Amino acid sequence: MEAEELSVNGEWPDLKTKVVEKLIAQEYWYKGELVEAANVLWLKVSGKWHRLYFDYGIVFWRESNEEPHYVKPDANEDYDYPLNDLTEKYNLYGKTIESCEGAVIAGGSQVVFKFVNSKTIIFKSINDSTSIET
């Protein structure tokens, strides 16, 4: 059986040897429950912001002129999209990206960031819900 080819929408950025300035996950909460740990990922390298997100197995990459910002929902709303600073949480500021690769996995796709002399972070989108693994 032949492996499926990863479907990518947008230009995959050349991140090898780039230094992380910021990595932020925009979470998705519904009625006080975390539904998706990484609805959108925001990565800043070389002074530029990149957005990474998934939609039913498709990996989307976009360069962005805006930076992530939190918009507080109205009091009567059931959803929330807070920002989680992964740079701080995983001590990534100033870390060099060794590789950034995507792959098809059962139920979706993933993007794996490997850092020089450091850790690996995997963003897995399975059944249209993205999780974070270290």
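These numbers were taken from a predicted model, which means no experiment stands behind them.

A. Spotlight on the overall build of the chain. When helices and strands are counted, the chain shows 1 helix and 11 strands. Here the C-alpha atoms of the chain give a radius of gyration of 15 Å, agreeing with the 14 Å that 2.2 N^0.38 yields for 134 residues. When its C-alpha atoms are laid out on the principal axes, the chain stretches across 45 × 40 × 25 Å. Here the analysis covers contacts within the chain between residues at least 6 apart in sequence; of these, 51% occur between residues at least 24 apart. When the accessible surface of the chain is summed, it comes to about 8100 Å², and 44% of that surface belongs to carbon and sulfur atoms. In the chain, which carries 14 positive and 23 negative side-chain charges, the distance between the mean positions of the two groups comes to 7 Å.

B. Fine view of the nonpolar core. Core analysis: the biggest nonpolar cluster contains 23 residues, and L15, L43, L52, I97, F113 and F123 have the highest contact counts within it. Put simply, the parts of the chain that give this core at least two residues each are β2 (20–30), β3 (33–45), β4 (48–55), β5 (58–64), β8 (97–105), β9 (108–115) and β10 (120–126).

C. Highlighting the sheet that holds strand β11 (residues 129–133). Ordered by their spatial adjacency, 4 strands build an open sheet running β8-β9-β10-β11, and the pairing between neighbours is antiparallel. Lying at the two open borders of the sheet, with one neighbouring strand each, are β8 and β11. The sheet shows a mean angle of 15 degrees between the axes of neighbouring strands, direction not considered. Relative to β11, β10 runs antiparallel, the two sharing 5 bridges. Pairing of I122 across the sheet is with E133, part of β11.

Conventions adopted
Residues numbered from 1 in each chain as written. Predicted model: local features only at pLDDT ≥ 70, side-chain atom pairs only at ≥ 80, totals over all residues. Heavy atoms only, no water. Helix = DSSP H or I, 4+ residues; strand = E, 2+ residues; numbered from the N terminus. Rg over C-alpha atoms; globule rule 2.2 N^0.38 Å. Contact = heavy atoms within 4.5 Å. Areas by Shrake-Rupley, 256 points an atom, 1.4 Å probe, with all protein chains shown as cover. Lys, Arg positive; Asp, Glu negative; His and termini not counted. Charge placed at Lys NZ, Arg CZ, Asp CG, Glu CD. Core = buried A, V, L, I, M, F, W, Y, C linked by side-chain atoms within 4.5 Å. Buried < 20%, exposed > 50% of the residue type's maximum accessible area, 1.4 Å probe, protein only. Pairing = 2+ DSSP bridges. Axes fitted to C-alpha atoms, helices over the stretch in contact; angles between N-to-C directions.

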